[in-house]
Amino acid sequence: MAGRAVPAPGALLCALLCATAAATGGGPGDNPAPGAFGHVYRGAVNISSERVYAFAYRSEPGQVDAVRVYVNSSSENLQYPVLFVVRQQKGVLSWQVPLIFRGLYQRTYNYQEVSRTLCPSEPTPETRPSEQIIFVDVASMAPFNIAYELLVTRLENFQLETNKAFNFTASPSQPQYFLYKFPPDVDSVIINVVSDAAYPCSVVSVQDIVCPVYDLDHNVEFNGVYQSMTKQAAITVQRKDFPGEQFFVVFVIKPEDYACGGSVPSSIHGNVNRTWNLQRTKNLQVTILPSIKKSVYVQAMFFSFLSFLSFYLGSVVVAFVHYIRVQRKASAGRLSPEHGSGMMTSSHPISASTPEGSSYGAIDESSSSGARQLSSLERRAPAGSDTDSSVEEESDFDTMPEIESDKNIIRTKVFLYLSDLSRKDRRIVSKKYKIYFWNIITIAVFYALPVIQLVITYQTVVNVTGNQDICYYNFLCAHPLGVLSAFNNILSNVGHMMLGFLFLLIVLRRDILHRRAMEMKDIYTLDYGIPKHFGLFYAMGIALMMEGVLSACYHVCPNYSNFQFDTSFMYMIAGLCMLKLYQTRHPDINASAYSAYASFAVVISLAVLGVVFGKNDMWFWLIFSLIHILGSLALSTQIYYMGRFKIDDPDSDVGIFRRAVMVLYTDCIQQCSRPMYMDRMVLLIVGNLVNWSFAIFGLVYRPRDFASYILGIFICNLLLYLAFYIIMKLRSSERLLPIPMFCIVATAVVWAAALYFFFQTLSSWEETPAESREKNRPCILLGFFDDHDVWHFLSAAALFFSFLVLLTLDDDLDTVRRDKIPVF
């Protein structure tokens, strides 16, 4: 930084020098020597002598002047450093040479060359120039002379300009800071700092116009807002936070790189714990850009809400068209009001899975007798009998005494129909599935309230301390609002809540239509189509809404310790979708709400343990992989045998082992070429291969993002089961109606687009905050939303369409008898 010399000191400086000489008696070294800017002064000091320099300059009206002091000493004696004290009109700044920085494990870094920028004088309201004076005292307690050099310059480029890049260099012993004033038409700016080199690690700080300025490694965190930096940093600053409408931008180079993810320099390993004049100079470029205006916030909020309100409008249009079609068909006497989406079709057997001389209908009479008996009971039930009863318990599932004795025979038949697995009282089963809805509401309340309290605390800590390394934002596209640092990441989650509520309304409409049909004793609701149980659908809608709430909470302050907030309900959504898909054709043997949510609790517990121990601990991955594989095998066994697999024999002490050997021989050896349940076996073999592959991958690579690893397991299993279900449905000569077909295509397209934006990594709490900021990118939508926000929008729509697929997939079976609907 070049300085400029000023003319000889004016009357003020002469008067001060004369007064000082008279007061001190004119002793040697006591009189301040007039100093000239840009001139190098060399001298020596000891315990009996010190040097005082006086520098005067003229300050123009309304101008902020900054002065920089460069000092150097060749002495390496840490017992007798050279002390420099700079006295100004309103403050004192002092330091020693060698300047000592402390690192980890008592390591020290000593620098013999130091330069500091003095706190600038405030602009005066006077209309004429004013005289400013600075005293520089040089002293030492050494009994011998210590040489030094002194250079004082005035900074020409101290004030930063908007939209103009400025390049400079800094080092641990030579920090830099500059002034920025808000232009009249700018309320918020983004300070963008870049460097070609990742190291040395640096810190960028924004501080108010207050002296002293904290510009050393040990005190830069005492004031203002700051963040560590390798190659990139960005801080959003608002005018309202600085009453003077100006601030300092401070740049400090750290003596070590561990805070930015680097390692300790190899030269100080071992017994050596002191380093001299380590070369840690960094070239930096700072650019201050205007941030978005308030009108952009309004546009972004309108865009977010209107985009998802269009889904409401589309749903109303579809419902209206559906109502018109139903009324026309009802008036023609073809269908009941509930079944306008179905058509009179018949289901054909799966020829590839039917042995010669037999078919799915070979045992219809025996298998459907219970169903016909149940249907007769349902017809005798009073209107509105599907409402919950306070005296009915979940243990009363089997309302006919012969069902318990028949279920082992029925469920182990080679070919099953829906009537075989929908024999229980519809009212009790419906109540069983409604427990899913009430339980998830309870879970959501107890889970969300502490989460909200915690993230509010996180945001408060960030605002109070100014430490922006706590939260992993995309700082190049983090738009604050009120106390929130990244409002855009929170706003983009509104889609999950709005579409979750819309899905609840759609399910409620279907539920009401079904109840009306039941009150009319419509035959189609008793013996035809998939049994209507909406409890799981309601739970899925609540889970989608809660995913939006908890994702917004996570993005209040995204970091390593609260990432599970963003994934917990993702696990539940994937699990509920698999349960609903299985329940469709297995209504009597699906898992209860208590066991399902208990399983989700185990998964979330494993996710927490994985976050804590999953980084480097091999023992955790061994245990988790073993649990994963054994759990897959146990679940596969229950699915294969329709929940009727038992290995205990109460008549023998060794019954367990004998039963296990018999099952292994009959099902795995004797029928190895052709299993009894071929379709289920194919699904389970593929599923186990996928899960074992996940287990082996985790054991070998030990991914750091354990929560996403578990989520990937859930999603892959869900996609595999959905693909199997659709393939088997088409093999059974069942149809895909236009609405579910549209939903399937929309789901695939939107998920593909969403995943593209999901993998555009903008930050990563697996790395240090400084390394994470290297991935930050500017906004891409409306100048307000980044790639991850677009992922939020698209994933909400994709989940909504996915739910609609499950809701409408079997509408074609509404007019097909249950004893003609195959189970797979």
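Structure: above.
Residues numbered from 1 in each chain as written. Predicted model: local features only at pLDDT ≥ 70, side-chain atom pairs only at ≥ 80, totals over all residues. Heavy atoms only, no water.

(A) Focus on the pairing of strand β8 (residues 108-111). Neither face of β8 is exposed, since T108 and N110 on one face and Y109 and Y111 on the opposite face are all buried. Judged from the 4 bridges that link them, strand β7 (residues 99-102) and β8 form a sheet pairing that is antiparallel. Within β8, the residue paired with I100 across the bridge is N110. Here β7 folds back onto β8 in antiparallel fashion, the turn holding 5 residues, of which Y105 has a positive phi close to 55°. (Buried < 20%, exposed > 50% of the residue type's maximum accessible area, 1.4 Å probe, protein only. Helix = DSSP H or I, 4+ residues; strand = E, 2+ residues; numbered from the N terminus. Pairing = 2+ DSSP bridges.)

(B) Layout of the sheet that holds strand β18 (residues 246-253). Judged by pairing direction, the sheet is antiparallel, and its 4 strands sit side by side in the order β13-β18-β15-β16 without closing on themselves. Looking at the sheet topology across the chains shown, the edges are occupied by β13 (176-181) and β16 (225-229). This sheet shows a mean twist of 20° between the axes of neighbouring strands, independent of strand direction. As judged from the 5 bridges shared by strand β15 (residues 202-207) and β16, these two strands associate in the antiparallel manner. Paired with V206 across the bridge in β16 is V225. (Axes fitted to C-alpha atoms, helices over the stretch in contact; angles between N-to-C directions.)

(C) Here's a closer look at helix α14 (residues 678-701). Between its terminal C-alpha atoms α14 stretches 34 Å, which fits the 34 Å expected from 24 residues at 1.5 Å a residue. By the burial criterion, the buried members of α14 are D679, R680, L683, L684, G687, N688, N691, F694, A695 and G698. Residues of α14 that are buried make contact with α12 (618-640) and α15 (706-731). With its phi angle positive at about 45°, R702 sits one or two positions after the end of α14. (Expected span 1.5 Å × (residues − 1). Contact = heavy atoms within 4.5 Å.)

(D) Inspection of the sheet that holds strand β4 (residues 67-72) at higher detail. With respect to topology, 4 strands assemble into an open sheet ordered β2-β11-β4-β9, the strand pairing being antiparallel. A single partner strand is all that each edge strand has here, and the edge strands are β2 (40-45) and β9 (113-117). The average undirected angle you get between the axes of adjacent strands in this sheet is 20°.

(E) A look at the pattern of salt bridges. Applying the stated criterion across every chain yields a total of 19 salt bridges. The salt bridge partner of R42 is E149, with a shortest N-O separation of 3.1 Å. In this pair, R42 sits in strand β2 while E149 sits in strand β11 (residues 146-154), placing the two residues 107 residues apart along the sequence. We note a salt bridge from D812 to K729, for which the minimum N-O separation is 2.8 Å. (Salt bridge = Lys/Arg side-chain N within 4 Å of Asp/Glu carboxyl O.)

(F) Layout of the nonpolar core. Membership of the largest hydrophobic core comes to 108 residues, with the highest contact counts inside it found for Y436 and L576. In contact with Y436, other than residues within four places in its own chain, are G535, L536, A539, L576, L579, A591, S592, A593, A596 and Y597. One finds C119, I191, F242 and I288 within the second-largest nonpolar core, a separate group that totals 37 residues. (Core = buried A, V, L, I, M, F, W, Y, C linked by side-chain atoms within 4.5 Å.)

(G) A look at the state of the cysteines. Across all of its chains, the model carries 4 disulfides by this definition. Between the sulfur atoms of C477 and its disulfide partner C779 the distance amounts to 1.9 Å. What sets the handedness of the C477 and C779 disulfide is the S-S torsion sign, and at about 110° it is right-handed. Pair noted here: C477 is in the loop between α5 (426-465) and α6 (487-491) and C779 is in the loop between α17 (769-773) and α18 (787-808), with a separation of 302 residues, a long-range link. By relative accessible area, C477 is classed as buried at 1%. By sequence-ordered numbering of the bonded cysteines, the protein chain has its disulfides arranged as 1-3, 2-4, 5-7, 6-8. (Disulfide = S-S within 2.5 Å.)

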